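# Structure assessment
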Amino acid sequence: MVRIEVNSRTIEALKGQTILEALINNGIQVPTLCSLPELSPTGACRMCVVEVEGMDKLVPACSFPVKEKMKIKTHSGRVLQARKMNVELLLSSHPDDCLYCERNGNCELQKLAEDLNVRSRNISGERRGYKIDGSSSSIIRDPSKCILCGRCVRICEEIAGVAAIDFGRRGDRLKIVTAMNEPLDFSSCIDCGMCLLSCPTGALADKTSLQELDRPLDDPATKVAVQYTPEVVVSLADEFGIRTGTDMQGIINSVLRRIGFDYVFETSSGAEIAVMEQSNAFLERYGKNDHRPLILSRCPAWVNYVEKFRPELLSYMVPVRSPHQIIGRLIKGWFAEENSIPVNRICSVLITNCSAAKHEASREEYYSDNVPDIDYVLTTREFARLIRLHGINIHELEHEDTDEPFQAKGSAGKLFSVAGGELEATLRTLYRHFNGKELPDPRLGKLRKSGGIREESIVVPGGEIKAVAISGLGNAAEIAKLIADKEYNFDIIEVMACGGGCINGGGQPIPGDPERLKARIKTIYDADKNSGIRTAHGNTAVNGLYDSLGFLPGSEESRNKFFTHIKAVKVLK
Amino acid sequence: MLNDGSDRLKDRLTEIVEGEPGKYSLGLQKIFDQESKNRIDRTVIFTGANTPGKIAGSNKLRGAINRYIEDRKIDADVAQTGTLGLYSEEPVISIQLPGRTRVFYTCVNEDDISMLLDDLFHHTLPEEKLLGQLRNEAHDPWPDVPFLDELPFFAKQHRVLLKYSGIIDPVSIDEYISRGGYRAFLLTIRNYTIDEVCAMIEESGLRGRSGSAFLTGRKWIVARETAAEQKYMVCNAEESDPGAFMDRALMEGNPHQLIEGICIAAYAIGATKAIIYIRSEYRDSIFKLETAIKKAHEYGILGHNIFSSGFNLDISLRKGPGAFVCGEETALIASMEGKRGMPQSKPPYPTERGYHNNPTVVNNVETLCNIPHIIGNGPEWFKRTGTVYSPGTKIFSVSGRSWHKGLVEVQMGTDLGMLVNEIIGGSRRGHELKAVHIGGPYGCMIPPQKMNIPICFEAFKKEGFILGAGGILVLDEKTCIVDLVKYFMTFMKQQSCGKCIPCREGTKRISELLDEITRKTADLDQHDAIEKFRALVQLEKLAAVMLDTSLCGLGQLAPNPLRSSLKYFREEFEEHIFDRNCRSNVCRELRTYYIDVELCTGCTICAKRCPENAIIGTEKHPFFIVSDKCTGCGICREVCKFSAVSYN
Amino acid sequence: MDRIDRILQDFQHVNRDALIPILQAVQNEIGHLNSEAIEKIGDHLHLPASKVYGLATFYNQFAFQARGKYHIRVCDGSTCHIDHSPHLLRQFHKLLGIGDGETTRDGMFSIEVVACLGACGQSPVISINDDFYHSIKSGMINDILDDIRMKNP
Ligand SMILES: Cc1cc2nc3c(=O)[nH]c(=O)nc-3n(C[C@H](O)[C@H](O)[C@H](O)COP(=O)(O)O)c2cc1C
Ligand code: SF4
Ligand code: SF4
Ligand code: FES
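Residues numbered from 1 in each chain as written. Chains lettered and ligands numbered in written order. Predicted model: local features only at pLDDT ≥ 70, side-chain atom pairs only at ≥ 80, totals over all residues. Heavy atoms only, no water.

### What about unusual backbone geometry?
- The amide bond that connects E404 of chain A to the next residue, P405 of chain A, takes the cis arrangement and shows omega of 0 degrees.
- Counting through the fold element by element, P405 of chain A comes out in the loop between α13 (380-389) and α14 (421-435).
- Cis geometry is adopted by the peptide bond preceding P348 of chain B, which originates at P347 of chain B and carries an omega value of 0 degrees.
- Mapped onto the elements, P348 of chain B comes out in the loop between α14 (329-336) and β9 (360-364).
- Look at D144 of chain B: it is not a glycine, yet its phi comes out positive at around 60 degrees.
- Tracing the sequence through the fold places D144 of chain B in the loop between β5 (130-133) and α6 (152-155).
- D144 of chain B sits in the exposed class, given a relative accessible area of 81%.
- Phi is positive for S308 of chain B, which is not a glycine, with a value near 55 degrees.
- For S308 of chain B, the position within the fold is in the loop between α13 (283-298) and β8 (314-320). (Helix = DSSP H or I, 4+ residues; strand = E, 2+ residues; numbered from the N terminus. Buried < 20%, exposed > 50% of the residue type's maximum accessible area, 1.4 Å probe, protein only.)

### Some details on the site of ligand 1
Residues and elements named next belong to chain B.
- Among the 20 residues in the neighbourhood of ligand 1, the closest are listed as S210, K219, N363, N364 and T367.
- Separating an oxygen atom of ligand 1 from a side-chain N or O atom of S210 is a distance of 2.6 Å.
- Notes on ligand 1: free accessible area 610 Å², of which the protein chains cover 92%.
- Those elements that place two or more of their residues in the shell around ligand 1 are β9 and α22 (553-557).
- For the shell around ligand 1, the element with the highest residue contribution is β9, accounting for three residues.
- For the shell around ligand 1, the per-class residue count stands at four nonpolar, ten polar and six charged. (Near = heavy atom within 4 Å. Polar contact = N/O pair within 3.5 Å; in protein donor to acceptor, adjacent residues only side chain to side chain. Areas by Shrake-Rupley, 256 points an atom, 1.4 Å probe, with all protein chains shown as cover. Nonpolar A, V, L, I, M, F, W, Y, C, P; charged D, E, K, R; others polar.)

### Quick look at the sheet that holds strand β3 (residues 126-128) of chain C
Residues and elements named next belong to chain C.
- The four strands are arranged β2-β1-β3-β4 in an open sheet whose pairing can be described as mixed. The open sheet has two edge strands with one neighbour each: β2 (109-114) and β4 (131-133). Shown here is a sheet whose adjacent strand axes are inclined to one another by a mean of 20 degrees, direction ignored.
- When strand β1 (residues 70-75) meets β2, the two strands line up parallel, connected through six bridges. For R73, the partnering residue across the bridge sits in β2 and is E112. (Pairing = 2+ DSSP bridges. Axes fitted to C-alpha atoms, helices over the stretch in contact; angles between N-to-C directions.)

### Examining empty space enclosed by the protein
Residues and elements named next belong to chain A.
- Taken as a whole and judged by the stated rule, the model has 17 cavities of 30 Å³ or more.
- Put simply, the largest cavity is a space of about 230 Å³.
- Contributing to the lining of the largest cavity are 26 residues, with E231, R298, N353, C354 and C502 lying nearest its centre.
- Of all the elements in the fold, those that place two or more residues in the lining of the largest cavity are α7 (230-239), α9 (268-285), α10 (300-309) and α11 (323-338).
- Empty space within the second largest cavity amounts to approximately 190 Å³.
- Every residue lining the second largest cavity is counted, 22 residues in all, and those nearest its centre are C146, C152, I176, A203 and L204.
- Looking at the lining of the second largest cavity, the elements with two or more residues in it are α4 (151-159) and β8 (175-178).
- Here the residues of the lining of the second largest cavity are counted per class, giving 14 nonpolar, three polar and five charged. (1 Å grid on protein atoms, 1.4 Å probe; cavity = no way out; pocket = protein on both sides within 12 Å on 5 of 7 lines; lining within 4 Å. Points joined across faces, edges and corners; volume = space filled by probe spheres on them.)

### Side note on the interface of chain A and chain B
- With 39 residues of chain A at the contact, the number on the chain B side is 33 residues.
- Carbon and sulfur atoms supply 54% of the area buried between chain A and chain B, which totals about 3,000 Å² over both sides.
- Sorting the residues of chain A by area buried against chain B places L89, R170 and D172 of chain A first, and these three jointly supply 21% of that buried surface.
- The interface formed by chain A and chain B includes two salt bridges.
- For R78 of chain A, the salt bridge goes to D548 of chain B, with nearest N and O atoms at 2.7 Å.
- For the interface between chain A and chain B, the tally reads 16 residue pairs in polar contact (both at pLDDT 80 or more).
- Mapped onto the side of chain A that touches chain B, the elements with two or more residues apiece are α2 (77-92) and β7 (165-168) of chain A. (Contact = heavy atoms within 4.5 Å. Buried area = accessible area lost by both parts, 1.4 Å probe. Salt bridge = Lys/Arg side-chain N within 4 Å of Asp/Glu carboxyl O.)

### What to know about the packing of α7 of chain A against α13 of chain A
All names here are of chain A.
- Closest axis-to-axis distance for the α7/α13 pair is 10 Å, and the angle between their directions is 60 degrees. Compared by their axis directions, α7 and α13 come out oblique. The two elements α7 and α13 meet at a crossing, and its hand is right-handed. Mapping the contact onto sequence places V232, S235, L236 and E239 in α7 and T380, R381, F383, A384, I387 and R388 in α13.
- Considered class by class, the residues forming the contact of α7 with α13 number five nonpolar, two polar and three charged. (Parallel < 35°, antiparallel > 145°, perpendicular 65-115°, else oblique. Left-handed = near helix turned anticlockwise from the far one by under 90°.)

### Observations regarding the interface of chain C and chain B
- Tallying the contact residues gives 37 residues for chain C and 50 residues for chain B.
- On the chain C side of the contact with chain B, D17, F58 and I82 of chain C bury the most area, a combined 20% of that side's loss.
- On inspection of chain C and its partner chain B, the count reaches five salt bridges.
- Scanning the region where chain C abuts chain B turns up 22 residue pairs in polar contact (both at pLDDT 80 or more).
- Residue assignment for the side of chain C that touches chain B shows that the elements contributing at least two residues are α2 (19-30), α4 (49-58), α5 (78-82) and α6 (85-96) of chain C.

### Here we look at the pattern of salt bridges
- Throughout the structure, instances matching the rule amount to 94 salt bridges over all chains.
- Across the salt bridge formed by K570 of chain A and E39 of chain C, the nearest N and O atoms sit 3.3 Å from each other. On the criterion of chain membership, the pair formed by K570 of chain A in the segment after α18 (556-562) and E39 of chain C in helix α3 (residues 35-45) is interchain, its members lying in two chains.
- Among the residues examined, K570 of chain A registers a relative accessible area of 69% and is labelled exposed.
- With relative accessibility at 16%, the residue E39 of chain C sits in the buried group.
- A salt bridge links R509 of chain B to E505 of chain B, with the nearest nitrogen and oxygen atoms 3.3 Å apart. Placement of the pair is R509 of chain B and E505 of chain B together in helix α20 (residues 501-517), with a separation of four residues, close to one helical turn.
- When its relative accessible area of 3% is taken as the criterion, R509 of chain B is described as buried.
- Judged by its relative accessible area of 2%, E505 of chain B is buried.

Following this line, the structure appears as structure tokens:
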């Protein structure tokens, strides 16, 4: 324990802590721009500078260790002046289009300028005339708004494990670049959207189709069907200042109807179909040693990763569509037919936590007869914007029900939201298959621990099925190597690109801090605990769907409908 | 090269270390005399194998000399040396006839060779281009020829590190040893514990010559005391400040001196690996260091179990791919690790966690070159030169509009005015000294009235100046202070790594503003001018924040040229802003061009070539320049065949 | 085997430390860097291509465009600067029709501004490939270029 004096008050800190950590633990705030708790500190932004007695210059709190008897001033005139000047410097060449910016009202630079009382332009500089990179289907990069904090670079390398971007050049020409300065779409970017979550400004933003949505919504002849994922249900609250983790399903239904959607669906029955399909795929392969383990492929960013970085794993993957694309396929096909809507008169929208779903929806494999299975993809953030756009006061709405036939009757599909959850749902079904009875305790605790690698096994006659759930591609990259080298003997592997699973997806509200994450996860697990239907195979709604479709899970027809195709993609990586 | 590869002293190192200088056996003394060319039996002609000499044409001279010797079948050797430090007088050659002292000629060109050598071989000295002779008690001096150490340029210097530069053959290890080299290192590993070495260096008060002014001994002690399997000694030879070339001269003129310094330093901190990080453009230095390291290995001075002491050391070279900021020690380490050269926050300091997280000492070339002298002569000897706070000597590289340009080594505490006026002879003849700028791109402008300050860390600090690495730029009335500050700021904005906001954005803003005030903007009215001036004053506040919050020295010190010149040359800024006038006529957009009606023949060429259509008139009659439209590009003046265009 | 692979063979059992030396060797061999080089070097060292590219763009030495047959370096060190190197530079721009870091369309000339060539004693200085020209006056530039063009009809 170290005692330090901050603003004339004594506080305690742990040895080896940085000043910033000590301050945060004691509830003292200093602004930061470049540091994020899960990333290595770089000391780049100098926003966190504080005055330390005996040092002739200000020191960055984020990387300076505490020392016994250190005397610190966090808000002296000198410190404030310095912080303000540095913000003014950033603003001096920043495009002055806050009003039009996606991050207006939720921008760390804007907030700093406000907090530090920047009221006039004292320094003006040349604008940086950078071009916007709109090549990617998920992410727009506007380098003119970039403050070069490097968070995206570190997230992409340290958390996503992709390293599609790095700092390029130096000095006044410093810029975030991909390899060979290619447009993002041609780079090794896997569209996971981790960088979107980390960016303090509007330099990285959703590639949005909000505006195009007006047309189908306004056209009386077009039926618009929307599906939203369970992750959206538990995170939308954050966008409206409602208690984090609140289950918003009923509200979302009424909001969507008010906006003008004709059919309002929830995605988790798609997840349960996926459970049925991949369980069958597993049974087909189990016992034949050639292709173990089976790798689940419902995370579109993970699919991108394998295609670009690890094509040697392609043969391990079950190319089952992701849950929303299963529903998407059904909406445009079976559902439209059932309701006698011509294909050119139905529009399908997805609201999701996932950035990569945008890229996924644009893939040719997800087009049937030149029509996309999902027309528009909105992130949770864009959904919130859509609600505001329509002037709906979310606080005054009544709960409503989801439309048939894609309702969230069971909880197995909802588990897909959290890392390990897809595996948990699948193991429940596999257990039943092998043992002829349900798992005694459907809660598979080891899959609910924190951490990027979670191992679990279930007992089956003559042995056990070993499973592992990996989240955060940083972890996956390691494991992927071991699998390729056949040094692991898992039978089934789940991989989620985003750390903690989809609940922390690239399309979620910003900031995505750990406390919020915990609350959302709790809501999901609670729903599972309280649910009467906890398995996919036991969900009559899902069975009913198969019945209506007229085929069985694992059949030739279901393969045609619910499987996709994945292939190696060559990029500079 | 003389006796290269003969390795005459290779097996006699023990004898040298155990004996006492001056009392060696006759045989050994004879080798010493021959190797150090104290006594020679054949004529030797020395040419400069160093960068400034090469650029000035010494390679061509060498060709001419070789041809001369071959054609006439003359029994003579051609040897190579580093630079004497008189850059403005390169190329320099020197000739030593048997039994005579060595004489030096400056500014020699190919055509001079045959006449010069003809005369010399007839024992007459042509006077033209003669610089002087090297003092050598063993031989007859040439009559009426000054000794080098009597020339004003050399007489007031105090050469310790540069003593042999331009004199010895830099790659000959035998010559270095003959002149007492490697004795200090070999004695050190035989007789001193590492604590004793550190203590001696700390006691000597040696401070980092990169400008850091940090106590070298203190730094070593931290690294020595940090426990680790592997430690590293890194020699910082990045030296990419424009106008700094002392480290290069030390490496090109006497590389073994540096190697010896590195050896002692590595021993003192317990490092078995040393790395020289050198900028890749320094090809000659790289070649010489590589040769020197190879030789040292052959002599058992480097390698395994050196001199049976149990101490192992390897030195390797890393070629820096060009970035000024890589001179900063943490950026340098990042660069060695194969990363972008971005500085890291300190702490942790490299002495605790440096190269691959191991304790690493980074020292400048000049700092390390001091080490063998301090160990060889003792800390007391070292403290006798220089000031109490800054003992020893410092090398300065002088350039700009001075009379002499080149290398000056003086005691710390020497009067700046003396250096400028007496050693380098002030400004160019016919020009008036305006200021000197010391310390490289983040140095300060020192006005004539401050010229009496002593050159040492403490006096400079007191005045708000810095010594930096020791680059001195002499300015006269033909240099525009505003333009020069703009030049430095532009340099800094390009060289900043870009990591931290104050440095990246600050240098950019400052250079933008300076660019504006040296530019012709169509209608800068009084209000705009005041705005510009206000912005300039705002920059002083900005400079303070940059100093306070930038991560590394680059951003902290970058505003130095601006701050110091706003203090001492404010009126030049005001003239640029309010009068739109550059008194030195450097900022070309501020020039007013006019056509002399007497000289103009009305040929129309200027009007046709003016990109702004600012020249009007009718053919065969004098033309006029519309000054509102003129941007001062100067094309008209270049194209006029009748010299009718002038400016003021 | 191709030239890059051959260079990589000389760097066996190395780690990231070798990145800069490898890039230097490759650039020496093929004159500049391209995406093939970036990818191969990245694979060899198990580094993402973005990191290799990011690093290479940081340093002056690495070029991504082929240099001219005659590479002109104009020194803009402090001494050369006050001896009017910017004026020389403008002259080159005008005569060759290219800017800094560019190569003429016929591949003959390229221009680079460097911070200090190390001949402050004879400023201003330029170098063309390995030849140095010192104490340049702006009138000399045309002759220098003409000389070169004469040698390469
Ligand atoms: C921007 C910047 C550039 C530097 N460049 C050099 C350099 O070229 N050579 C050098 O020896 N030190 C340079 N330094 C200083 C080094 O960081 C370091 O302090 C030095 O190598 C320590 O050596 P010394 O203690 O022997 O002076 C530079 C520092 C900064 C901030
Ligand atoms: S894009 Fe955003 S996260 Fe990335 S460096 Fe720029 S401001 Fe930071
Ligand atoms: S001060 Fe400049 S050079 Fe140093 S770390 Fe900051 S941006 Fe980089
Ligand atoms: S948060 Fe400390 S420097 Fe950015």
